[in-house]
Amino acid sequence: MDDPEQVGARLAETGYLVDEGLAVTCFLALRLHRPLFCEGDAGVGKTALAAALAEALGAPLIRLQCHEGIDASQALYDWDFPRQLLHLRAAEAAGVQDADRLESELYDRRFLIARPLLLALQQHPSVLLVDEIDRADDEFEAFLLELLSEYSVTIPELGTLRAEVPPVVVLTSNRTREVHDALKRRCLYHWFDHPSFARELAIVRSRLPQVSARLAEQVTALVQALRGADLVKPPGVAETLDWAEALDALGVSEVDAELAVATLGSVLKYREDTERARGLDLSAVLAARGG
């Protein structure tokens, strides 16, 4: 992709709509082989961007889901101990006595289990998604920074493995904690805010073309109103799509306040938020949209 406009157009073909700022950031990430650090509330399209980039590039999406306590063996590589043990027993049964030979055979590439980070280094092209890096601990963050600096890893038994071409890397954070500046400096940064009404409606229409235009407009308006209600977890674009899809599955082409309240479970996931939403004048929101 030769320029930001082409990046935006290719992403739009996948159903993912970007503004000029994000298109430029994605273009630079591709051109400079720099990781893209995406930060923002849950459900605003950070993870979906990685999937859209993979589709636009015709590359596999390799996902590493971070969590508390994740370590290198879960993210990078491990050895297939059961197969190594079977190989050792077979060699002993065959009368193999050469210890050095056995050791070299045990730590052969065929017994290496490549986890997401190593898979991304070995496979070209590929898009590596490091999802919710803010859930990992400081040690893993430092390890990831070192790997992304060189796009290589040293396996003691095999030596250094280096990516011929660096993968496209997308890191996401829901900002449950601050990620260290050292990792952010290595990346291009983009903050994902909740979209405007017009952009969110365009996303719904693009991703769910089967939903009536009237229903898409009403659901978007309702979600925009809910975001201004001081909720525990304001709904993201993902929830907007879920709500529109749920209502469409009910066979309706437009929604009223009663049906909106009945289907709040598609968009809100906390009891406190549901109670607050029931106290809003959803009829007024719909009336403002001509319904």
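Cut-offs applied
- Residues numbered from 1 in each chain as written.
- Predicted model: local features only at pLDDT ≥ 70, side-chain atom pairs only at ≥ 80, totals over all residues.
- Heavy atoms only, no water.
- Helix = DSSP H or I, 4+ residues; strand = E, 2+ residues; numbered from the N terminus.
- Rg over C-alpha atoms; globule rule 2.2 N^0.38 Å.
- Buried < 20%, exposed > 50% of the residue type's maximum accessible area, 1.4 Å probe, protein only.
- Contact = heavy atoms within 4.5 Å.
- Areas by Shrake-Rupley, 256 points an atom, 1.4 Å probe, with all protein chains shown as cover.
- Lys, Arg positive; Asp, Glu negative; His and termini not counted.
- Charge placed at Lys NZ, Arg CZ, Asp CG, Glu CD.
- Axes fitted to C-alpha atoms, helices over the stretch in contact; angles between N-to-C directions.
- Parallel < 35°, antiparallel > 145°, perpendicular 65-115°, else oblique.
- Left-handed = near helix turned anticlockwise from the far one by under 90°.
- Nonpolar A, V, L, I, M, F, W, Y, C, P; charged D, E, K, R; others polar.
- Core = buried A, V, L, I, M, F, W, Y, C linked by side-chain atoms within 4.5 Å.
- Disulfide = S-S within 2.5 Å.
- Phe/Tyr/Trp six-rings, centres within 6.5 Å; stacked < 30°, edge-to-face > 60°.
- Polar contact = N/O pair within 3.5 Å; in protein donor to acceptor, adjacent residues only side chain to side chain.
- Patch = residues over 30% accessible without salt bridge, like charges linked within 9 Å, V, L, I, M, F, W, Y side chains within 5 Å.
- Salt bridge = Lys/Arg side-chain N within 4 Å of Asp/Glu carboxyl O.
- Pairing = 2+ DSSP bridges.

Within the chain one finds 15 helices and nine strands. In summary, the chain has a C-alpha radius of gyration of 24 Å against a globular reference of 19 Å for 291 residues, an excess of more than 25%. In terms of principal-axis extent, the alpha carbons of the chain reach across some 85 × 40 × 35 Å. Every one of the 291 residues in the chain was classed for burial, and the buried ones make up 45%. The long-range share in the chain, meaning contacts at least 24 apart out of those at least 6 apart in sequence, stands at 75%. Here the chain displays about 14300 Å² of accessible surface, and carbon together with sulfur accounts for 49% of that area. For the chain, the centre of its 29 positive side-chain charges and the centre of its 47 negative side-chain charges are spaced 1 Å apart.

Time to look at the packing of helix 10 (residues 197–207) against helix 12 (residues 237–249). With their axes 10 Å apart at the nearest point, helix 10 and helix 12 run at an angle of 50 degrees to one another. Taken together, the axis directions place helix 10 and helix 12 in an arrangement best described as oblique. By crossing handedness, the relation of helix 10 to helix 12 is classed as right-handed. Together, Glu-200, Ile-203, Val-204 and Arg-207 of helix 10 and Val-237, Thr-240, Leu-241 and Ala-244 of helix 12 make up the contact between the two elements. A breakdown of the residues in the contact of helix 10 with helix 12 according to their chemical character gives five nonpolar, one polar and two charged.

Counting residues in each nonpolar core, the largest one holds 33 residues, and the members touching the most others are Leu-117, Leu-118, Val-130, Ile-133, Phe-140, Leu-148 and Leu-171. Of all the elements in the fold, those that place two or more residues in this core are strand 2 (61–65), strand 3 (77–79), helix 7 (116–122), strand 5 (127–131), helix 8 (138–150), strand 6 (152–155) and strand 8 (168–173). In this structure, Ile-203, Leu-222, Trp-243 and Val-255 belong to the second largest nonpolar core, which totals 29 residues.

Scanning all chains against the criterion turns up zero disulfides. Here Cys-26 is not disulfide-linked; the sulfur of Cys-38 is the nearest cysteine sulfur, at 7.1 Å.

Attention now moves to the packing of aromatic side chains. Throughout the structure, instances matching the rule amount to three aromatic pairs. Measuring from centroid to centroid gives 6.0 Å for Phe-37 and Tyr-189, while their planes differ by 15 degrees, and the two rings are stacked. With a gap of 152 residues between them, Phe-37 in strand 1 (residues 36–40) and Tyr-189 in strand 9 (residues 188–192) connect regions that are remote in the sequence. Taking the centre distance of 6.4 Å and the plane angle of 85 degrees together, the rings of Tyr-77 and Trp-79 count as edge-to-face.

Turning our attention to the environment of Asp-131. Counting through the fold element by element, Asp-131 comes out in strand 5. Distance in space between the C-alpha atoms of Asp-131 and Ala-50 is 9.6 Å, their sequence separation being 81 residues. Leaving out residues up to four positions away in the same chain, Asp-131 has contacts with Thr-47, Arg-63, Leu-64, Gln-65, Cys-66 and Thr-172. There is a polar contact of 2.5 Å between the side chain of Asp-131 and the side chain of Thr-172.

Side chains of Asp-2, Asp-3, Glu-5, Asp-19 and Glu-20 sit close together on the surface and give a patch of like negative charge. Note on Glu-20: relative accessible area 65%, which makes it exposed.

Moving on, we get to the packing of helix 11 (residues 213–227) against helix 12. Their axes nearest at 10 Å, the elements helix 11 and helix 12 cross at an angle of 140 degrees. Comparing the axis directions of helix 11 and helix 12 gives the class oblique. Both helix 11 and helix 12 take part in a crossing whose hand is right-handed. Of the residues in helix 12, those in contact with Leu-215, Val-219, Thr-220, Leu-222, Val-223, Leu-226 and Arg-227 of helix 11 are Val-237, Thr-240, Trp-243, Ala-244, Leu-247 and Asp-248. Here the residues of the contact of helix 11 with helix 12 sort into nine nonpolar, two polar and two charged.

With respect to topology, five strands assemble into an open sheet ordered 2-5-8-1-9, the strand pairing being parallel. On the outer flanks of this sheet lie strand 2 and strand 9, each paired with one strand and no other. Between one strand and the next, the sheet's axes are offset by a mean angle of 20 degrees, whatever the strand orientation. Across the sheet, helix 2 (residues 20–32) touches strand 1, strand 8 and strand 9, and the angle it forms with strand 9 is around 150 degrees.

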